[in-house]
Amino acid sequence: MSEEVKKDLPGGTSERSLNFLEEIIEEDLKSGRYKSIVTRFPPEPNGYLHIGHASSICLNFGLTKKYPGYTNLRFDDTNPVTEETEYVDSIKEDVKWLGFEWKNERYASDYFDTLHGYAIQLIEKDLAYVDDSTSDEMAAMKGTPTEPGSNSPYRNRSITENLDLFARMKAGEFPDGSKTLRAKIDMGHINMLMRDPVIYRIKHAHHHRTGDKWCIYPMYDFAHGQSDSIEEITHSICTMEFVPHRELYDWLIEQLGIYPSRQYEFARRNINFTVTSKRKLLQLVTEKHVTGWDDPRMPTISGLRRRGYTPESIRDFCDRIGVAKRENMVDVGVLEFCVREHLNKIALRRMVVFDPLKVVITNYAGEDEILHSENNPEDPNGGVREIPFSKEIYIERDDFMEVAPKKYFRLAPGQMVRLKSAYIIKCEEVIKDAEGNITELHCTYIPESKSGSDTSGINVKGTLHWVSLKSSISLEIREYDRLFKVEDPTDEEGDFKEYLNPASLKVITTAVGEPALANAKFDDRYQFIRKGYFCLDKDTSSSRIIFNRTVTLKDGWAKEQKK
RNA sequence: UGGGGGUUCGCCAAGUGGUAAGGCACCGGGUUUUGGUCCCGGCAUUCAGGGGUUCGAAUCCCUUACCCCCAGCCA
């Protein structure tokens, strides 16, 4: 392991114990079973990748980064009715963005001819037959977990007849659903997946890659393991729900006599206050509960990217939560911790006032002046930027209280605060309108307290961010909160959408920022001092500068107030 | 009630017969021109429960409980 990788490990520790897959691989390598390994990331192109997939990606690609070998990207595109090229493109973009490179880009559909040949092999060995039963009939004959199923009346067709029928299925002679090809295993098998599983079905549908060449398509169980085998995948890693499939996976490989890939399962990662099911995410998109797959509130990779998450932070997250076989519900706070940690190191500091309150510095007689402030106190080489200061500035309305509680370090009548990178000011007078609303503050400043050359000897507890009124630019801020009100929307009564958080998006149109923000770039990450981490949103236009809040800063004051 | 998988701190997660790592969260304290960062300290006599084997058990055996998955021509 390189020093660089070590540094990235959770807690900055140099050691992390092996997860169960790494243990298996080290054993395989040590015993000489394999000299190098091959893994694959096998998404179905029927939706966008989400944070749960990130775990799988980091796992599969991470393993071949750590051990000799490589990883393929393979699209499991065996069901043409739900799959689209748009999804293929987004998946490739997301994997690349996360920082991984696949050795080969493959599609299960690349193997349709081979798979078809395998099916014929099975028929010839009398291990598969064409069944005319309807899906209802088949379900009825399937039995239940506690009762064995019964044989289909079509189970004993001759090999010749099966070959003929299967050929005619392929030729398009039969309508959808009228026939299937089933493996002939055992209708009384204790594992329901072994009760003559369907391996080919008829679908007269246009496929995103093979077009109209096929009207029969292999089922997952007859495509996935075989594709693994064709690619000589050594460790085929999938989620726990496929554990019962492993028996069938092994059976097919054995009957076909093909390369013996092996399947290993781990528990998918669940995160609270969101959903990670492509079906549910698709629903949120099509029913417009969000603006799209890349809505910054979505747990999709594209949503997280637009929100301002970095690939580094997502990889760190996957690393920290680990891999195991037990059910889990990871606190979204861990994800937030990971971005904060990364962004703290790289974000440029800027000042933005969200809810401006005008402050007039009554004794500031001089010309406007240019002050300087560090771009990032965490980065000694980050340089400084210029900030104009003048007689009239804005501060956050929240940063002033007429009647201040104990331990309130911000501005209050007669109280002093430091203006970040500028001067110490003292609140002298509160100006109100006819209704009693505070419209502005009159303050005085201490000329000797200039940041960097302070000879005033005055020590203040509070430091406020501010923006010079004259040179401020107006900004739109989009603040995001958790998408759902409850930890596990799927576990609640009724429809999961009833638990959407109505306050997941808050748009602030009153914000004003320092002029340096006029040159904000899409790839830059910012920390708006005392506010949080932000990035430019793609909706930004020449007339509107829009920032997304990636995550807030930790708020010790809010915590203090709760006591 | 069949089969399979699982149960270690609020949430993740090490541990593989020698006497409970680590991270997040939380709670104290220090530094600080971000109530941020950073630093220091605290946080499971106990491993779902009960028996047993052993000098010694989270780890081995027995047993009970609970959770999840499997009856799509989805993946």
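None of these values were measured; they are calculated from a predicted model.

How each quantity is defined
Residues numbered from 1 in each chain as written. Chains lettered and ligands numbered in written order. Predicted model: local features only at pLDDT ≥ 70, side-chain atom pairs only at ≥ 80, totals over all residues. Heavy atoms only, no water. Helix = DSSP H or I, 4+ residues; strand = E, 2+ residues; numbered from the N terminus. Buried < 20%, exposed > 50% of the residue type's maximum accessible area, 1.4 Å probe, protein only. Contact = heavy atoms within 4.5 Å. Areas by Shrake-Rupley, 256 points an atom, 1.4 Å probe, with all protein chains shown as cover. Lys, Arg positive; Asp, Glu negative; His and termini not counted. Charge placed at Lys NZ, Arg CZ, Asp CG, Glu CD. Near = heavy atom within 4 Å. Polar contact = N/O pair within 3.5 Å; in protein donor to acceptor, adjacent residues only side chain to side chain. Nonpolar A, V, L, I, M, F, W, Y, C, P; charged D, E, K, R; others polar. Pairing = 2+ DSSP bridges. Axes fitted to C-alpha atoms, helices over the stretch in contact; angles between N-to-C directions. Domains from an automatic or database assignment. Buried area = accessible area lost by both parts, 1.4 Å probe. Salt bridge = Lys/Arg side-chain N within 4 Å of Asp/Glu carboxyl O.

Chemist: Even after reading the chapter, I still don't get the overall build of chain A, so can you show me in this structure?
Modeler: For chain A, the helix and strand inventory stands at 14 helices and 25 strands. On the principal axes, the C-alpha backbone points of chain A span a range of 100 × 55 × 45 Å. Burial status across chain A gives 52% buried among its 563 residues. Within chain A, counting contacts between residues at least 6 apart in sequence, those at least 24 apart form 71% of the total. As displayed, chain A offers around 26100 Å² of accessible surface, 48% of which is attributable to carbon and sulfur atoms. Counting 78 positive and 92 negative side-chain charges, chain A places the averaged centre of each group 3 Å from the other.

Chemist: Sorry, what's going on with helix H9 (residues 246–256) here?
Modeler: Helical periodicity: at 3.6 residues per turn, an α-helix aligns residues three or four positions apart in one direction. When H9 is considered as a whole, its buried residues turn out to be Leu248, Tyr249, Trp251, Leu252, Ile253 and Leu256. In this fold, the buried residues of H9 make contact with helix H5 (112–124), strand E5 (180–183), helix H8 (224–230), strand E8 (235–239) and strand E9 (262–266). Of the residues one or two after H9, Gly257 is the one with positive phi, at around 65 degrees.

Chemist: What exactly am I supposed to notice about the protein's contact with RNA strand B here?
Modeler: As a structural note, the neighbourhood of RNA strand B is formed by 70 residues, with Met240, Arg269, Arg349, Ser451 and Gln527 the closest of them. The backbone of Ile321 places a nitrogen or oxygen atom 2.8 Å from a sugar or linking oxygen of RNA strand B. Residue assignment for the surface near RNA strand B shows that the elements contributing at least two residues are helix H6 (135–141), strand E6 (198–202), helix H12 (311–321), helix H13 (332–346) and helix H14 (556–562). Looking at the surface near RNA strand B, the element that brings in the most residues is H13, giving four residues. In terms of residue class, the surface near RNA strand B is built from 25 nonpolar, 21 polar and 24 charged.

Chemist: So what exactly am I meant to see when it comes to the sheet that holds strand E1 (residues 37–41) here?
Modeler: Sheets are built from strands that pair by backbone hydrogen bonding, the pairs being arranged parallel or antiparallel. Read from one edge of the open sheet, three strands run E1-E2-E3, paired in parallel fashion. Strands at the two margins of the open sheet, each flanked by one partner only, are E1 and strand E3 (105–107). Adjacent strand axes in the sheet meet at a mean angle of 35 degrees, parallel and antiparallel pairs treated alike. Along the sheet, helix H3 (residues 51–66) makes contact with E1 and strand E2 (69–75), crossing E1 at roughly 160 degrees.

Chemist: Would you mind showing me how to read the domain arrangement of chain A here?
Modeler: By a widespread convention, an interface's size corresponds to the accessible area lost as its parts come together. By the assigned domains, chain A splits into domain 1 (36–266), domain 2 (278–346 + 475–561) and domain 3 (349–471). Put simply, the middle of domain 1 and the middle of domain 2, counted by C-alpha atoms, are 36 Å apart. Taken residue by residue, the interface counts 22 residues in domain 1 and 21 residues in domain 2. In total, about 2000 Å² of surface goes out of reach between domain 1 and domain 2, with carbon and sulfur atoms giving 70% of it. On the surface where domain 1 and domain 2 come into contact, there are two salt bridges. Residue Arg305 is joined to Glu93 by a salt bridge in which the shortest nitrogen-to-oxygen separation is 3.6 Å.

Chemist: Looking at this structure, how should I read the pairing of strand E15 (residues 392–396)?
Modeler: As a general feature of sheets, a regular strand has side chains that alternate between the two faces. With four of five residues buried, E15 lies mostly within the body of the structure. In the sheet, strand E12 (residues 356–361) pairs with E15 via five bridges, with the strands oriented antiparallel. The residue bridging Val360 from the neighbouring strand is Glu392, located in E15. Where E15 meets strand E20 (residues 466–468), three bridges bridge the pair, whose relative direction is antiparallel. What sits directly across from Ile393, in E20, is Ser468.

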